[in-house]
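# Observations on chain architecture
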Amino acid sequence: MTRKQALSLAAQALAEAGQNGEVVDILRVLSDELPLTRWSDAAIRDAVEQFILDHGRVPTVTDFKRRGLPPHTVVERRYGMPLRRWLDENYPRPQPCRSPHAETDTGTEAASDTAAINRAFTDDYLRLRPRSAAAFNAGRTPDTPCWQTVAKHNRTRRWRGLLEALALPVYPDADRDGPADFRVRIHPHCDFRED
């Protein structure tokens with residue numbers, strides 16, 4: 001007996017029993033789509049939603065290389081857009097590290113918002129004088145977004161890159177960097193002559 005036949009018999013038995021109407025409908029859809037040589041819209045969405053149920057998160061682009069999810073090219077051909085964009089539009093992920101008091105936006109904030117975020121970050125940074133990104137996030141005021149959000153607005157992913165982009169001073173971490181060790185070498189200038 002094939003999988004398709006087994007699904008058809010199971011759907012028929014449940015339908016005759018007069019119960020589980022939703023289960024019967026799903027079994028019939030599965031039976032019609034077997035073998036899964038093509039990915040329908042319903043099959044793609046079902047695979048993504050099953051992944052979410054199994055793993056407790058929205059799949060990343062890398063997760064689509066796993067068994068059970070359609071390949072990148074299938075999604076791109078079916079929907080006419082890159083996989084990342086399709087995931088963002090259909091299964092948006094919560095933004096990490098947003099302040100609970102900050103207004104949420106669709107991700108396209110105006111330049112004035114970026115300037116306001118940069119000002120809030122700079123004020124907190126200069127007040128705290130943090131020696132690391134974790135120290136900043138721990139001591140920031142509730143209205144100031146975390147450094148990762150500010151970095152995203154400044155098109156960087158690195159803590160030092162953010163400090164460079166905003167021209168902020170770097171406070172050395174004595175525990176991590178150790179005491180400063182300076183050496184001075186004095187070389188007499190060879191071309192100097194007294195006449």
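Everything quoted here is computed from the prediction, not taken from an experiment.

Scanning the chain from terminus to terminus reveals 10 helices and zero strands. Starting at the N terminus, the α and β elements of the chain follow one another as α-α-α-α-α-α-α-α-α-α. Each of the 195 residues in the chain was classed as buried or not, and the buried ones make up 29%. Counting only carbon and sulfur atoms, one obtains 52% of the accessible surface of the chain, whose full area is about 14300 Å².

If you check which residues of helix α4 (residues 72-79) are buried, you get Val74, Val75 and Tyr79. Axial view of α4: buried residues confined to an arc of 100 degrees, hence all on one face. Packed against the buried residues of α4 are α3 (41-55) and α5 (83-90). Note on α4: the residue one or two positions beyond its end, Gly80, has a positive phi of about 70 degrees.

In terms of nonpolar packing, the biggest core is built from 17 residues, with Ile44, Phe64, Val75, Trp86 and Leu87 touching the most fellow members. Within the residue set of this core, elements represented by two or more residues are α3, α4 and α5. Considering each element in turn, this core owes the most residues, five residues, to α3. Excluding anything up to four places from it in sequence, Ile44 contacts Trp39, Pro70, Val74, Val75, Arg78, Tyr79 and Trp86. Within the second largest apolar cluster, 14 residues are counted, among which are Ile117, Trp147, Ala151 and Leu166.

Scored by pLDDT, the chain has a mean of 77; 75% of the residues are at 70 or more. Averaged over each element, pLDDT in the chain is lowest for helix α10 (residues 174-177) (55) and highest for helix α9 (residues 159-165) (89). Throughout residues 99-109 the model reports pLDDT below 50, and contacts reaching past four residues in sequence, or to other chains, amount to 12 contacts.

Remark: α3 packs on α4, axes separated minimally by 11 Å, with the N-to-C direction vectors making an angle of 130 degrees. On the basis of their axis angle, the class for α3 and α4 is oblique. Pair α3 / α4 crosses with left-handed handedness. Of the residues in α4, those touching α3 at Asp41, Ile44 and Arg45 are Val74, Val75, Arg78 and Tyr79. Residue classes in the contact of α3 with α4 are distributed as four nonpolar, no polar and three charged.

The rules behind each value
- Residues numbered from 1 in each chain as written.
- Predicted model: local features only at pLDDT ≥ 70, side-chain atom pairs only at ≥ 80, totals over all residues.
- Heavy atoms only, no water.
- Helix = DSSP H or I, 4+ residues; strand = E, 2+ residues; numbered from the N terminus.
- Buried < 20%, exposed > 50% of the residue type's maximum accessible area, 1.4 Å probe, protein only.
- Areas by Shrake-Rupley, 256 points an atom, 1.4 Å probe, with all protein chains shown as cover.
- Arc of directions from axis to C-beta.
- Contact = heavy atoms within 4.5 Å.
- Core = buried A, V, L, I, M, F, W, Y, C linked by side-chain atoms within 4.5 Å.
- pLDDT = per-residue confidence, 0-100.
- Axes fitted to C-alpha atoms, helices over the stretch in contact; angles between N-to-C directions.
- Parallel < 35°, antiparallel > 145°, perpendicular 65-115°, else oblique.
- Left-handed = near helix turned anticlockwise from the far one by under 90°.
- Nonpolar A, V, L, I, M, F, W, Y, C, P; charged D, E, K, R; others polar.

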